[in-house]
Amino acid sequence: SPQKPVVEKPAENSPFENTKTYMCLYCPKRSQFMEKIKRHISVAHPKQGVEYREVTRDQVVAMITRDQTNYGRSGVLEYKCFYCEFVADIMMLKDHAKQIHINDTFRVTKCQNKLVSGYLECQLCGYLSAGFEKSGQKAHFHEEHPLENEVTCSKYMFKHIKQLGPEAFTSAQQTVKFDPNDLDGLEFTCPKVEDNCVFKTKSLSQMNNHLRKHTRTFKCGHCGRTMPDSSEFHRHSALSHGDKIPDLVKDPEAEAEYEAMKGILEWGIQQQVDAKKAKIDAMLAESLRVPRCTARKSTGAECRAAPTDRCRNIARKSTGPQARCWPETRLETPYTFYKKDQPQIDRRSIKTKMAMGGMEITLDVEKMSQLVNIETKVVLQDCAKVSLNRDELDL
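Since the structure is predicted, the reported quantities are computational estimates derived from the model, not experimental observations. (Residues numbered from 1 in each chain as written. Predicted model: local features only at pLDDT ≥ 70, side-chain atom pairs only at ≥ 80, totals over all residues. Heavy atoms only, no water.)

Along its length, the chain carries 10 helices and 17 strands. Going through the 395 residues of the chain one by one, you find that 36% of them count as buried. Within the chain, residue pairs in contact and separated by at least 24 positions form 58% of the contacts whose partners lie at least 6 positions apart. When the accessible area of the chain is evaluated, it comes to approximately 25,500 Å², of which 52% is carbon and sulfur surface. (Helix = DSSP H or I, 4+ residues; strand = E, 2+ residues; numbered from the N terminus. Buried < 20%, exposed > 50% of the residue type's maximum accessible area, 1.4 Å probe, protein only. Contact = heavy atoms within 4.5 Å. Areas by Shrake-Rupley, 256 points an atom, 1.4 Å probe, with all protein chains shown as cover.)

Pairing geometry for strand S16 (residues 351-356) and strand S17 (residues 359-364), over six bridges, is antiparallel. Within the sheet, the bridge partner assigned to Lys 351 lies in S17 and is Asp 364. (Pairing = 2+ DSSP bridges.)

Another aspect to go through is the sheet that holds strand S14 (residues 226-227). Strand order across the open sheet formed by three strands is S14-S13-S15, with antiparallel pairing between neighbours. Each edge of the sheet is formed by a strand with only one pairing partner; in this case those strands are S14 and strand S15 (248-249). Helix H7 (residues 230-240) contacts strand S13 (218-220), S14 and S15 of the sheet and is inclined by roughly 15 degrees relative to S13. (Axes fitted to C-alpha atoms, helices over the stretch in contact; angles between N-to-C directions.)

Before going further, it helps to examine the state of the cysteines. Applying the stated criterion across every chain yields a total of zero disulfides. Cys 27 takes part in no disulfide bond, and the closest cysteine sulfur to it belongs to Cys 24, at a distance of 3.8 Å. Of all cysteine sulfurs, the one in Cys 122 lies closest to Cys 153, which takes part in no disulfide; the gap is 8.0 Å. (Disulfide = S-S within 2.5 Å.)

Before going further, it helps to spend a moment on the pattern of salt bridges. All chains considered together, the criterion is met by 13 salt bridges. The partner of Glu 257 in a salt bridge is Lys 192, with the nearest N and O atoms 3.7 Å apart. Taken together, the positions of Glu 257 in helix H8 (residues 252-288) and Lys 192 in the loop between strand S11 (188-189) and strand S12 (200-201) put the pair 65 residues apart, joining distant regions of the chain. Among the residues examined, Glu 257 registers a relative accessible area of 12% and is labelled buried. Note on Lys 192: relative accessible area 17%, which makes it buried. Where Glu 259 meets Lys 262, a salt bridge forms, and the shortest distance between an N and an O atom there is 3.9 Å. Of this pair, Glu 259 and Lys 262 both sit in helix H8, separated by three residues, roughly a single helical turn. (Salt bridge = Lys/Arg side-chain N within 4 Å of Asp/Glu carboxyl O.)

Any pair of aromatic rings gets described here by the distance separating the centres and the angle formed by the planes. Per the stated rule, a full pass over the model turns up three aromatic pairs. Taking the centre distance of 5.9 Å and the plane angle of 75 degrees together, the rings of Tyr 22 and Tyr 52 count as edge-to-face. Of this pair, Tyr 22 sits in strand S2 (residues 21-24) while Tyr 52 is found in strand S4 (residues 52-55), placing the two residues 30 residues apart along the sequence. With a relative accessible area of 25%, Tyr 52 lands in the partly exposed category. Plain terms: the ring middles of Phe 82 and Tyr 83 are 5.5 Å apart, the flat faces sit at 85 degrees to each other, and that makes the pair edge-to-face. Neither Phe 82 nor Tyr 83 differs from the other in exposure class; each is buried. In this structure, Arg 57 is placed above the aromatic ring of Tyr 156, and the distance from its NZ or CZ to the ring centre is 5.1 Å. Over the ring of Phe 132 we find Lys 155, and its NZ or CZ is 4.8 Å from the ring centre. (Phe/Tyr/Trp six-rings, centres within 6.5 Å; stacked < 30°, edge-to-face > 60°. Lys NZ or Arg CZ within 6 Å of the ring centre and 35° of its normal.)

Another aspect to go through is helix H6 (residues 204-215). Under the 1.5 Å per step criterion, the end-to-end length of H6 is 17 Å for 12 residues, consistent within 8% with the ideal 16 Å. The complete set of buried residues in H6 reads Met 207, Asn 208, His 210, Leu 211 and Thr 215. End-on view of H6: buried residues confined to an arc of 160 degrees, all on one side of the axis. In H6, the exposed positions that point more than 90 degrees away from the buried face belong to Asn 209 and Lys 213. (Expected span 1.5 Å × (residues − 1). Arc of directions from axis to C-beta.)

Do not read the predicted coordinates in detail wherever pLDDT is low. In the predicted model, the chain carries a mean pLDDT of 76, and the fraction of residues at 70 or more is 71%. Below pLDDT 50 for its whole length, residues 293-297 participates in three contacts with residues either more than four positions away or in separate chains. (pLDDT = per-residue confidence, 0-100.)

The next thing to look at is the sheet that holds strand S5 (residues 79-81). Read from one edge of the open sheet, three strands run S6-S5-S7, paired in antiparallel fashion. The sheet terminates laterally at strand S6 (87-88) and strand S7 (108-110), the two strands that pair on one side only. The pairing of S5 with S7 spans three bridges and is antiparallel. Residue pairing in the sheet places Tyr 79 in a bridge with Lys 110 of S7. Packing of helix H3 (residues 90-100) onto the sheet brings it into contact with S5, S6 and S7, and relative to S5 it is tilted by some 10 degrees.

With that out of the way, let us pick up the environment of Gly 49. As for its position among the elements, Gly 49 is in the loop between helix H1 (34-44) and S4. It is 9.8 Å that separates the C-alpha atoms of Gly 49 and Leu 25, two residues lying 24 residues apart in sequence. Not counting residues within four places of it along the chain, the set of residues in contact with Gly 49 comprises Tyr 26 and Ile 41.

The next thing to look at is a nonpolar patch on the surface. Judged by side-chain polarity, Met 356, Leu 371, Val 372 and Ile 374 come together as a nonpolar surface patch covering roughly 320 Å² of accessible area. Mapped onto the secondary structure, Ile 374 falls in the loop between helix H9 (365-371) and helix H10 (390-393). Looking at Ile 374, the relative accessible area reads 32%, which means it is partly exposed. (Patch = residues over 30% accessible without salt bridge, like charges linked within 9 Å, V, L, I, M, F, W, Y side chains within 5 Å.)

This is how it looks when you write it as C-alpha cells:
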C-alpha cells in the first residue's frame, strides 16, 4: 500500500474527553484499548504480572507536556524519569532509577523551556503523542489502525506568555553553557564507566559525539521498530515498507538515554569546575599572606652603606644628591636615565650569523631586522587571574 498521508487538523475541544487510557506499569507504553495493553505486557514483560492503570485524558496531557515547561522551585532545570512521572535533578533521578527501575536502562527526559507546547491526538481513538512530530502518530496508526489509508490527527497548542525558568536552557539539544576558561585543563570521562567504557577527552564536543555512539539507533517512522544500524534499517524498510519512502525518525528511548548520560556528564563537570574555583580562591588567599617585594622595602638597613647613611634607595630618589652612597656603586655624583636621549647604536656595526638553506651566512643587525622582528617588548600578565591548569590544582 502507498505511504499513508498525515492529515493534521487544529482542534479546540476533544471528542475524547471522557475516554480512558490504559498505561503499562513497567514502561511508558499507552493504549486506548485494554486488550492491546494486556497483550503488550504479556509480550514485553513476560516475567511480570499483567498490571496496568487507567488514566484520564487530562492526566495523559499532564504527563506528556510536563517535560516541556516544568521547572523546579529553585529555577534550576530538572529532568523527568522516562518510565514514570518523577521529576528531580539528575543525581536524584539516578538514585530513583536504581531503586524503582532496577532492570531498566537509565533514561530521562530533559525539562525544556518552550514558549509553545502541545500534542497530537488520534482522531479515531484519542491516542495522544507528545509534541508536534508526526512519527508518534504514524507508529500508532501502524500498530493499532493498520487498515487506515491516512493518518488523521488533531493538533493542540498552548502558548506561554513568557519563558519559564532560566533562559540558558531553551531546547533539548542545548547543553549547559560552561565558561571555556573554566574548562581549561579539565578532562572529561564517559559516564558509562559501569559498562567498562574508558573513553576520556579534554574536548566537550568530542565527548558529546562519543555519547551519541552509545545511543545511536535507527527508528522506522512507519511502524516504530528500532534497528541498531543503517543497513538493518534500510533492509527493514525494503522488506516491510517496500513501496514507501524510508522514514528515519528520532528514537525516544535513545534520546532519553543520551539525555541521562549528558546530564550526569554535566553534573560531573560542574563538580570539577567548582573544585577548581575553590582551589584557585584558596591559592589566592594564601598568596595575600606572603610578603610582597616592593620598592617601599628598599629603605631598610640592608640598603645602607653605613649606619649613618641617609640613602633611600628607591626609584624616585635615585636621581637626588643622597644617591651617591649606594653600597653597590659608591657613586660620588648623582645620575639619571630619565628624559635623556640614549646614544644610538649603529646596527651595521654589529654582526651576527644565521643559517639559510643549510648554509651559514653573516649579516649585520640592520639586514637581520629586515628578515625578523628584533624589536623587544615586555609583556606583563596578572598571574593571579590566569586560570590554573589541572596539574597545579591536582584535580
